[in-house]
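Results of the structural survey
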Amino acid sequence: MTAPVFVVDDLTAAAPGGTITLDGPEGRHAVSVRRLHAGEEIVLTDGAGRGAYGTVAAVEGKDRLDVAVTDVRTEPAPRPRITVVQALPKGDRGELAVETMTETGVDAVVPWAAARCITQWKGERGLKALAKWRATAREAGKQSRRLRFPEVADAATTKQVAQLLAAADFAAVLHEEGAEPLATAELPATGEIVLVVGPEGGVSPDELAAFAEAGAKPYRLGRSVLRTSTAGTAATALLLGRTGRWS
């Protein structure tokens, strides 16, 4: 079994032979929840691609331990970068989408207030929902042993999504009536792939027109119609396989 991953704010000074102290909420989780002991393997990451590998040197109290660093690695930014624009689902399905896309390997998630979204992020409620998505990405990144966690952007309007699509090297909208399957689309070897996942009610004609003007074509995943909370994960897995990132 691979070593558990915990997050620290700064690893710039980490070096083999050195020691890093893990405390606060992450230290408490390591000591009191995971019950790590001296000699066990552990990985510390800043979530931005840098990781310190080592073993627990000492446990101090209920929320603090020292890690003896044996190796430091830097994970390069993946190519091509995959961003999923995720329409806001109902209830906790948004967090489910972020969790599974993170575990699969997405690089960025952009929440989108689509016209047909039942859920709307406004005021304090919107800030809390965004914080939950970001916390979910962080925890899922740790669970899946990632060194580079996906960015969860601020909620975007349709106009902002169109601008994102226009700047992409490959832009697509998942749509059940797409003439071409995503499995056969010509993908770039580098650059940015941006994929739009609509709400349960579908992408509106006006939104499709705006995205088409920005250069995004509609594609289908397969014969079955997936929910908005699962479509992004399935599409991410397909793209990771096709671009060689899973090879």
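The notes below deal with the structure included here. As the structure is a prediction and not an experimental result, all values here were calculated from the model. Each chain has its residues counted from 1, following the order in which its sequence is written. Per-residue local features of the predicted model are confined to residues with pLDDT of at least 70, and side-chain atom pairs are confined, for both listing and counting, to 80 or more; whole-chain, interface and lining totals are unaffected and use all residues. Excluded from the side-chain calculation are hydrogens and water; included are all heavy atoms of the structure.

Elements are defined by DSSP. Helices are runs of H or I of four residues or more, strands are runs of E of two residues or more, and each kind is numbered from the N terminus. Each helix and strand counted, the protein has six helices and twelve strands in total. Its C-alpha atoms put the protein at 60 × 40 × 30 Å along the principal axes. The cut-offs for exposure are 20% and 50% of the maximum accessible area for each residue type, with area from a 1.4 Å probe on protein chains only; residues under the lower value are buried, those over the upper are exposed, and the others partly exposed. In the protein, which comprises 247 residues, the proportion classed as buried is 45%. For the protein, restricting intrachain contacts to residue pairs at least 6 apart in sequence, the fraction spanning at least 24 positions comes to 74%. In what follows, a contact means two residues having at least one pair of non-hydrogen atoms within 4.5 Å.

Next up on the list: unusual backbone geometry. Cis geometry is adopted by the peptide bond preceding Pro80, which originates at Arg79 and carries an omega value of -10°. With respect to the helices, strands and loops of the structure, Pro80 is situated in the loop between strand E5 (65-74) and strand E6 (81-87). Phi is positive for Arg35, close to 55°, though the residue is something other than glycine. Its place among the elements puts Arg35 in the loop between helix H1 (24-33) and strand E3 (41-45). The exposure class assigned to Arg35 is exposed, which follows from its relative accessible area of 57%. Unlike most non-glycine residues, Arg145 shows phi in positive territory, near 65°. Residue classification places Arg145 among the partly exposed positions, given a relative accessible area of 27%.

Turning our eyes to something else, we now look at the pattern of salt bridges. Note on definitions: salt bridges are taken to be side-chain nitrogens of Lys or Arg within 4 Å of carboxyl oxygens of Asp or Glu. Under the counting rule described, the total for this entry stands at twelve salt bridges. Of the charged contacts in the structure, one is a salt bridge between Lys142 and Glu26, with a shortest N-O distance of 2.8 Å. Placement of the pair is Lys142 in helix H3 (residues 123-143) and Glu26 in helix H1, with a sequence separation of 116 residues. Residue classification places Glu26 among the buried residues on the basis of a relative accessible area of 10%. Close ionic contact of Arg81 with Glu192 constitutes a salt bridge, the shortest N to O distance being 3.4 Å. Linking Arg81 in strand E6 with Glu192 in strand E11 (residues 192-197), this pair joins segments that are 111 residues apart in sequence. Residue class for Arg81 comes out partly exposed when judged on its relative accessible area of 29%. A relative accessible area of 19% places Glu192 in the buried class. Several salt bridges share partner residues, and in doing so they unite Asp23, Glu60 and Arg64 into one network.

From the geometry alone we can't say anything about function, so treat these as descriptive.
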